[in-house]
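# Architecture at a glance
Listed below are the residues making up each chain.
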Amino acid sequence: MTELTPLADRSNGYLTTTGRRSGQRHTIEIWFALQGDSVYLLSGSGGRSDWCRNLEAHPEVTFSIDGVEVPGRGRRVTDQIEEAKARDLVVAKYQPRYQGDLSGWRRESRPYAIDL
C-alpha cells in the first residue's frame, strides 16, 4: 500500500521520465491502474512512444496523482501472467468510463509497470 492508494480511482496519473537523449524530465498524463505497490500502464503505440523508450533507458521515474508524487522504478512487463493482469486491471478501470470499445487496445498495447 502506498500513499497513492487512496487516489487509485482517479482518472489520470502523471508519469515523469528522463529523456533518453536530452536528459530533460518529461511528464505525460496517462491512464493507469494501481495494485499494491505497482502502477500499471498500457502503451497503445506498442512501446514506440517517447515515455516508453525513456522509461526503458532510464527506469527511475516519478508517478503522481492529484499532486501526490512518489518515486518509482519503471519496467516493461514481460511475464505473461503479470502482462494479463496489467491489461485486465487497466481496461477494467476505464471501459465503464469510455464510450468506445477498448478490446483492441487491451490486446495490442504493451504493458509497463512502475514499482513504487
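Residues numbered from 1 in each chain as written. Predicted model: local features only at pLDDT ≥ 70, side-chain atom pairs only at ≥ 80, totals over all residues. Heavy atoms only, no water.

### Observations regarding the environment of Trp105
Mapped onto the elements, Trp105 comes out in helix α3 (residues 103-108). On the basis of relative accessible area, Trp105 is assigned to the partly exposed category, the value being 22%. For Trp105 and Asp79, which are 26 residues apart along the polypeptide, the C-alpha to C-alpha distance reads 19 Å. The contact partners of Trp105, leaving out residues within four places of it in the chain, are Trp31, Leu42, Gly44, Arg87, Val90 and Val91. (Helix = DSSP H or I, 4+ residues; strand = E, 2+ residues; numbered from the N terminus. Buried < 20%, exposed > 50% of the residue type's maximum accessible area, 1.4 Å probe, protein only. Contact = heavy atoms within 4.5 Å.)

### Section: the pattern of salt bridges
Taken as a whole and assessed by the stated rule, the structure comprises 10 salt bridges. We note a salt bridge from Asp66 to Arg10, for which the minimum N-O separation is 2.5 Å. Of this pair, Asp66 sits in the loop between β5 (60-65) and β6 (68-76) while Arg10 sits in the segment before β1 (13-18), and the two are 56 residues apart along the sequence. Residue Asp115 pairs with Arg75 through a salt bridge whose shortest N-O separation is 2.6 Å. Separated by 40 residues along the polypeptide, Asp115 in strand β7 (residues 110-115) and Arg75 in strand β6 bring together distant segments of the chain. Judged by relative accessible area, Asp115 falls into the partly exposed class, the value being 27%. Within the structure, one salt-bridge network assembled from shared partners comprises Asp9, Arg10 and Asp66. (Salt bridge = Lys/Arg side-chain N within 4 Å of Asp/Glu carboxyl O.)

### What to know about the nonpolar core
Among the nonpolar cores identified, the biggest contains 27 residues, and Leu15, Phe32, Leu41, Trp51 and Phe63 are the most heavily contacted of them. Among the elements of the structure, β3 (33-35), β4 (38-43), α1 (50-57), β5, α2 (80-94) and β7 are those that each provide at least two residues to this core. (Core = buried A, V, L, I, M, F, W, Y, C linked by side-chain atoms within 4.5 Å.)

### Comments concerning the pairing of β6
Note that β5 and β6 share 6 bridges and pair antiparallel. By the bridge assignment for β6, Val61 is matched with Gly72. In this structure, β6 lies alongside β7, joined through 4 bridges in antiparallel fashion. Across the sheet, the residue bridging to Arg75 is Ala113, located in β7. (Pairing = 2+ DSSP bridges.)

### So, α1
Buried within α1 are the following residues: Trp51, Cys52, Asn54 and Leu55. The arc that holds the buried residues of α1, viewed along the axis, is 165°, so those residues lie on one side. Among the structural elements, β1, β2 (25-30), β4, β5, β6 and β7 are those in contact with the buried residues of α1. (Arc of directions from axis to C-beta.)

### A look at α2
For α2, which comprises 15 residues, the first-to-last C-alpha distance of 21 Å matches the rise-based estimate of 21 Å (1.5 Å per residue) to within 8%. Buried within α2 are the following residues: Glu82, Ala86, Arg87, Val90, Val91, Lys93 and Tyr94. Along the long axis of α2, the arc covered by the buried residues comes to 160°, so they all point the same way. Exposed residues pointing more than 90 degrees away from the buried face of α2 are listed as Gln80, Ile81 and Ala92. On its buried face, α2 sits against β3, β4, β6, α3 and β7. (Expected span 1.5 Å × (residues − 1).)

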